[in-house]
Amino acid sequence: MDAQIIWTIICGLAIAVGAAGIIIPVLPGSILIAVSLFVWALVLGSPLGWVIFGIGLLFVAAGMVSSAVLTGRVMKERSIPGRSVLIGVVLGVVGFFVIPVVGLLVGFVLGLFLSEFARKKEVGPAISSSLAALRAMGLGILAEFGFAAMAAGTWVTGVLIYFVNR
């Protein structure tokens, strides 16, 4: 096996971990995909590798921007402060260590709700704004994952073109 094949396999695994990291926030996400595309282009040393890197990077950037814009827009419309999300993240990290497997999600949701309850002083509005924040974040994750899948598909196409014509 030559170095290009080994690095292609390594980059493919890293791209898969990056795609999973968009959904599972403990793992690295879009940045890992971009770095993997860059490493693959560097190892390949051909114009095709750099074209695939450029197209993939555009998809990764579009995903990150769309996620931020979609999430931010809803959070601003509902006047949900970043502090609530930060408290959710902190309790999510605590939950990750306290409750195996689902602790991250449980801790995040609990932290978000508690922060919104402290701010709104009523259960109903706190639940409503917490659900809106969760939906917004879910939509952002979905958009970013879709673009990451397009970047991964671009890479797979590049791999096929390169190794078929080699």
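The following refers to the structure shown. Just so you know, these numbers come straight off a predicted model, no measurement behind them. (Residues numbered from 1 in each chain as written. Predicted model: local features only at pLDDT ≥ 70, side-chain atom pairs only at ≥ 80, totals over all residues. Heavy atoms only, no water.)

1. A closer look at the overall build of the chain
Quick note on the threshold: Per the convention used, a helix needs a DSSP run of H or I reaching at least four residues, while a strand needs a run of E reaching at least two, with both numbered from the N terminus. What the globule rule says is 2.2 Å times the number of residues to the power 0.38, and the radius of gyration is computed from C-alpha atoms. Classification of residues uses two cut-offs on accessible area relative to the type maximum, computed with a 1.4 Å probe and protein chains only: under 20% is buried, over 50% is exposed, and between them is partly exposed. Only heavy atoms enter the contact rule, under which two residues are in contact if any of them lie within 4.5 Å. Where accessible areas are quoted, they stem from the Shrake-Rupley method and a 1.4 Å probe; at the residue level, only the protein chains shown are allowed to cover.
Secondary structure summary: the chain contains six helices and zero strands in total. On C-alpha atoms alone, the chain measures out to a radius of gyration of 19 Å, which is more than a quarter above the 15 Å that the 2.2 N^0.38 rule sets for 166 residues. Considering only C-alpha atoms, the chain reaches an extent of 65 × 35 × 20 Å along its principal axes. Sorting the 166 residues of the chain into buried and exposed places 37% on the buried side. Within the chain, contacts between residues at least 6 apart in sequence are counted, and of these 60% link residues at least 24 apart. Only carbon and sulfur atoms are counted for the fraction: they give 80% of the accessible area of the chain, which is about 9100 Å².

2. Some thoughts on the pattern of salt bridges
The cut-off we apply is this: Salt bridge criterion: a side-chain nitrogen from Lys or Arg within 4 Å of a carboxyl oxygen from Asp or Glu.
Inspection of the entire model under this criterion finds two salt bridges. Glu77 is the partner of Arg73 in a salt bridge, and the nearest nitrogen-oxygen pair spans 3.7 Å. One end of the pair, Arg73, and the other, Glu77, are both in helix α3 (residues 47-77), four residues apart, so they sit about a helical turn from each other. Among the residues examined, Arg73 registers a relative accessible area of 42% and is labelled partly exposed.

3. Observations regarding unusual backbone geometry
Of note in this structure, Ser79 is not a glycine but carries a positive phi near 55 degrees. Mapped onto the fold, Ser79 is located in the loop between α3 and α4 (82-98). Phi angles above zero are rare outside glycine, and Lys121 is one such case at about 65 degrees. Within the secondary structure, Lys121 is located in the loop between α5 (103-120) and α6 (123-164). Among the residues examined, Lys121 registers a relative accessible area of 63% and is labelled exposed.

4. Structural notes on the environment of Gly49
Of note, Gly49 is situated in helix α3. Since its relative accessible area comes to 0%, Gly49 is described here as buried. Between the C-alpha atom of Gly49 and that of Gly82, which follows or precedes it by 33 residues, the distance is 39 Å. Not counting residues up to four positions away in its chain, the partners in contact with Gly49 are Trp40, Ala41 and Leu44.

5. Focus: the nonpolar core
Operational definition: By nonpolar core we mean a set of buried residues, namely Ala, Val, Leu, Ile, Met, Phe, Trp, Tyr and Cys, connected to one another through side-chain atoms within 4.5 Å.
Ile15, Ile33, Leu37, Trp40, Val60, Ala151 and Trp155 are the most contacted members of the largest nonpolar core, which totals 17 residues. Counting residues per element, the ones that place at least two in this core are α1 (3-23), α2 (30-44), α3 and α6. Setting aside residues no more than four positions away along its own chain, Trp155 makes contact with Thr8, Cys11, Gly12, Ile15, Leu37, Trp40 and Ile52. Of all hydrophobic cores here, the second largest spans seven residues; its members include Ile80, Phe108, Leu112 and Ala132.

6. Quick word on a nonpolar patch on the surface
Here is the rule we go by: Residues enter patches when their relative accessible area tops 30% and they take part in no salt bridge; the joining distance is 9 Å for like charges and 5 Å for the nonpolar side chains Val, Leu, Ile, Met, Phe, Trp and Tyr.
Judged by side-chain polarity, Val17, Ile23, Ile24, Val26, Leu27, Val89, Val93, Phe96, Phe97, Ile141 and Phe145 come together as a nonpolar surface patch covering roughly 920 Å² of accessible area. At the level of secondary structure, the elements contributing two or more residues to the nonpolar patch comprise α1, α4 and α6. The dominant element in the nonpolar patch, judged by the number of residues it contributes, is α4, at four residues. Following the sequence through the fold, Val17 ends up in helix α1.

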